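Descriptive analysis of the structure
Below, each chain spelled out in residue letters.
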Amino acid sequence: MAVAAAAMIGFPQAYLEGKEVKETSSLVTELCRHFYTQGWVSGTGGSITMKVHDASIPKPEQLIVMSPSGSLHLKVAFFNSDSDFVASLNLCVQKERMQPEDMYILSANGSIISTPSPKPYPNKPPKCTDCAPLFMKAYEMRNAGAVIHSHGMESCLVTMLNPQAKEFRITHMEMIKGIQGHGYYDELVVPIIENTAYENELTDSLTKAIEAYPKATAVLVRNHGVYIWGDSWIHAKTQAECYHYLFDAAIKLHQLGLDAATPDHGPIRRTIHSQNQISTKLSVKSGVKDSQNETEWPRRCIVLDIEGTTTPITFVTDVLFPYARENVGKHLNLTYDTAETQEDIKLLRAQVEEDLRQGVTGAVPIPHADEGKEKVIAAMVSNVEAMIRADRKITALKELQGHIWRTGFECNELKSVVFEDVADALEKWHFSGIKVYIYSSGSRLAQKLLFGNTDYGDLRKYLSGFFDTTIGNKKESKSYKEITETLGMDDPSDILFVTDVYQEATAAKAAGLEAIISIRPGNAPLPENHGFKTVTSFSQI
């Protein structure tokens, strides 16, 4: 292996020939063989790269191992009594036959510091993969630990289902849970970029897609394949397997005439725009109401608040909050040693430490675990009770409450309440092809529990996703910009946000969303001349 001046960037030759680099190179070789059997890296297509994990080196500074380019030149000679024939073929490096010594070693900034030694005829001199600039973008922009480029047939065909689509969307599939930040009820959105004649020419469009879709861990290339990254090689591999499964599922659903992007995967709806429909849409855009006093909203998505919008405030204040307050000690005692509860304690301790610095009333220090379980739980209970009394909209509290409520719903001690018009509206919007999302200060778990356990049955089948305060404060416009980006909407005004809180509507409007205010019994009064349209029932939307 030819080694450049590695010492100049802080890595002596001995390190390049050491255990960590050798193990990573061997792992890339092993994965190339595995992906070859999956059909992801056959022929000239596909590649893989990963960082050399070394706990003593910060991840952004770790070395990178990349596979070689997928092309070599082979001359095949045929001889017989009549003539001699020489054929010149461009073939690929055989992924299933790669060896650790075939790998390239790059610095964290993408400079090649070690190249494989040339192989004898008929091999051409080695060349680093043409995917290198695209791999580097995932490393630089997402702090990835590994990146996989697949030419799997499903990743190619799924981009052809709709040649105009700029995104792949799917929801309500079990394998979505294998994608970072997603659950069964969430909508997975993967951007699609257009293919080019040469791999490195995709760099700019890949960069723009990564910027435009901050939650994405993959980018599809039309008629080509997919780039997938993860925090580690295990994470990247697991996600790649889930993505390919979901692409294949979407293709098969499409063949059956079913829509992978809707919660019930019902028949694909194709809209024919007549002149009458266009006129109707123009009237709708102006806010014209029909004879039944219903306002038509030409929106692709609806985002709903919960408390005071889909659900009475009293259900939250008089049922859910007291249940959490009364059961927090019991819950912590029963689940104290679980990873979930330890994470809840960690989050709440960090929040309390900040509260103490800010002088927040009711905050008391939470001792460390070595001071005993009883003292930790007592301090947790005291803080949770104070936070609930103050109606704090903070992630640490909401996560713990969600876990407590889960027990209540599982034991049939809780049954959620929604306004009587909600179920019908969700069903109507769903069958109209409008996607509905929830955005609440309650955790995503709590939201799913609420809509999964109503007197009208499980309403989650009508919902495409859930947002909580991990995406941002509901009274800040940047939160709604983040939602717009997550949903992959080019025009934020295509999203209708419904809430009972004036400040939330104002923040959504500032982000470009359409906002209306829900007027329900028990809701707080609105300012005079607030300037927003209002509804008293979802039947008016």
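Cut-offs used in this document
- Residues numbered from 1 in each chain as written.
- Predicted model: local features only at pLDDT ≥ 70, side-chain atom pairs only at ≥ 80, totals over all residues.
- Heavy atoms only, no water.
- Helix = DSSP H or I, 4+ residues; strand = E, 2+ residues; numbered from the N terminus.
- Buried < 20%, exposed > 50% of the residue type's maximum accessible area, 1.4 Å probe, protein only.
- Contact = heavy atoms within 4.5 Å.
- Areas by Shrake-Rupley, 256 points an atom, 1.4 Å probe, with all protein chains shown as cover.
- Pairing = 2+ DSSP bridges.
- Axes fitted to C-alpha atoms, helices over the stretch in contact; angles between N-to-C directions.
- UniProt positions renumbered as here; feature names shortened; annotations may be inferred.
- Core = buried A, V, L, I, M, F, W, Y, C linked by side-chain atoms within 4.5 Å.
- pLDDT = per-residue confidence, 0-100.
- Phe/Tyr/Trp six-rings, centres within 6.5 Å; stacked < 30°, edge-to-face > 60°.
- Lys NZ or Arg CZ within 6 Å of the ring centre and 35° of its normal.
- Arc of directions from axis to C-beta.

Scanning the protein chain for helices and strands turns up 15 helices and 18 strands. The burial tally for the protein chain puts 50% of its 541 residues in the buried class. In the protein chain, of all internal contacts separated by at least 6 residues, the share reaching a separation of at least 24 is 66%. Surface summary for the protein chain: the accessible area is close to 25,600 Å², and the carbon and sulfur share equals 52%.

This part takes up the sheet that holds strand 13 (residues 301–304). Hydrogen bonds between backbone groups are what pair the strands of a sheet, and the pairing can be parallel or antiparallel. What the six strands build is an open sheet, ordered 15-14-13-16-17-18; its pairing is parallel. Only two strands of the sheet have a single partner each, and these edge strands are strand 15 (465–467) and strand 18 (533–535). In this sheet, neighbouring strand axes are inclined to one another by 30° on average, regardless of whether the strands run parallel or antiparallel. Judged from the four bridges that link them, strand 13 and strand 16 (residues 495–499) form a sheet pairing that is parallel.

Turning to the UniProt feature "binding site: Mg(2+)" (unreviewed entry) in the protein chain, a few remarks are in order. What UniProt calls "binding site: Mg(2+)" (unreviewed entry) maps, in this numbering, to D305, E307 and D500. Taking the farthest pair of C-alpha atoms as the criterion, the annotated set spanning 196 residues converges on one region, since that pair is 7.8 Å apart. Its location among the elements puts E307 in the loop between strand 13 and helix 8 (313–335). With a relative accessible area of 11%, D500 lands in the buried category. Among all residues touching D500, those that are not within four sequence positions of it are D305, E307, G308, T309, I313, I517, S518, N523 and L526.

Our focus in this paragraph is the environment of P214. Looking at where P214 falls in the secondary structure, it is placed in the loop between helix 5 (203–212) and strand 11 (218–221). The exposure class of P214 is partly exposed, given its relative accessible area of 28%. Each C-alpha atom of the pair P214 and R142 lies 8.8 Å from the other, and the pair is 72 residues apart in sequence. In contact with P214, not counting residues within four places along its chain, are R142, E482 and E485.

Okay, the nonpolar core next. Core analysis: the largest hydrophobic core is formed by 57 residues, its most contacted members being L304, W405, L426, W429 and F451. Once residues lying within four places of it in the same chain are set aside, the contact partners of L304 are T310, L426, W429, V436, Y437, I438, Y439, V498 and F538. Ranked by size, the runner-up nonpolar core spans 47 residues in total, among them V28, V52, I228 and L253.

Next up on the list: the pairing of strand 13. Along any regular strand the residues' side chains alternate between the sheet's two faces. Alternating residues of strand 13 divide into C301 and V303 and I302 and L304, and every residue in both groups is buried. The pairing of strand 13 with strand 14 (residues 435–439) spans four bridges and is parallel. Following the sheet pairing, L304 is matched in strand 14 by I438.

This next bit is on the confidence of the model for the protein chain. Residues of the protein chain with pLDDT of at least 70 account for 87%, and the chain-wide mean is 85. For residues 3–8, every residue scores under 50 in pLDDT, and the model assigns this stretch nine contacts once sequence neighbours within four places are set aside. Note that pLDDT drops below 50 for residues 271–298; the model gives that stretch 25 contacts with residues more than four away or on any other chain.

Before going further, it helps to examine the UniProt feature "active site" (unreviewed entry) in the protein chain. In the numbering adopted here, UniProt assigns the feature "active site" (unreviewed entry) to E174. Summarising the element assignment, E174 is placed in the loop between strand 9 (167–171) and strand 10 (187–193).

Most peptide bonds adopt trans geometry, and most residues besides glycine take a negative phi value. Here D391, not a glycine, exhibits a phi torsion of approximately 50°, which is positive. You can see D391 is positioned in the loop between helix 10 (373–389) and helix 11 (395–410). Residue D391 is classed as partly exposed on the basis of its relative accessible area, which comes to 34%. Of note in this structure, N412 is not a glycine but carries a positive phi near 60°. Along the polypeptide, N412 turns up in the loop between helix 11 and helix 12 (422–431).

For the coordinates displayed, the defined rule picks out 12 aromatic pairs. Between F168 and F247 the ring centres are 5.1 Å apart and the planes differ by 80°, which places this aromatic pair in the edge-to-face class. With F168 in strand 9 and F247 in helix 6 (residues 233–255), this pair connects stretches of sequence that are 79 residues apart. Overall, F168 belongs to the buried group, its relative accessible area being 6%. On the basis of relative accessibility, which here comes to 0%, the residue F247 falls in the buried class. For the ring pair Y184 and Y185, a centre distance of 4.8 Å and an interplane angle of 85° mean the geometry is edge-to-face. Exposure remark for Y184: the relative accessible area of 31% places this residue in the partly exposed category. In this structure Y185 comes out as buried when scored by relative accessible area, which is 13%. Three or more aromatic residues joined by ring pairs form one cluster here, namely F168, Y243 and F247. The ring centre of F538 lies 5.0 Å from the NZ or CZ of R520, which sits over that ring.

Further remarks concern the side chain of T311. With respect to the helices, strands and loops of the structure, T311 is situated in the loop between strand 13 and helix 8. By relative accessible area, T311 is classed as buried at 0%. Once residues lying within four places of it in the same chain are set aside, the contact partners of T311 are I306, V417, V418, F419 and L450.

Mapped onto the elements of the fold, D455 is located in the loop between helix 13 (444–452) and strand 15. According to the relative accessible area criterion, D455 is exposed, its value standing at 60%. Distance from D455 to S416, taken between C-alpha atoms, is 7.1 Å for residues 39 residues apart in sequence. For D455, the contacting residues outside a window of four places in its chain are K415 and S416.

Turning to helix 14 (residues 477–486), a few remarks are in order. Among all positions in helix 14, only S479, Y480, I483 and T484 are buried. Looking straight down helix 14, one finds its buried side chains confined to an arc of 145°; they lie on one side. Buried residues in helix 14 make contact with strand 14, strand 15, strand 16 and helix 15 (502–510). Once helix 14 ends, the next one or two residues include G488, with phi positive near 70°.

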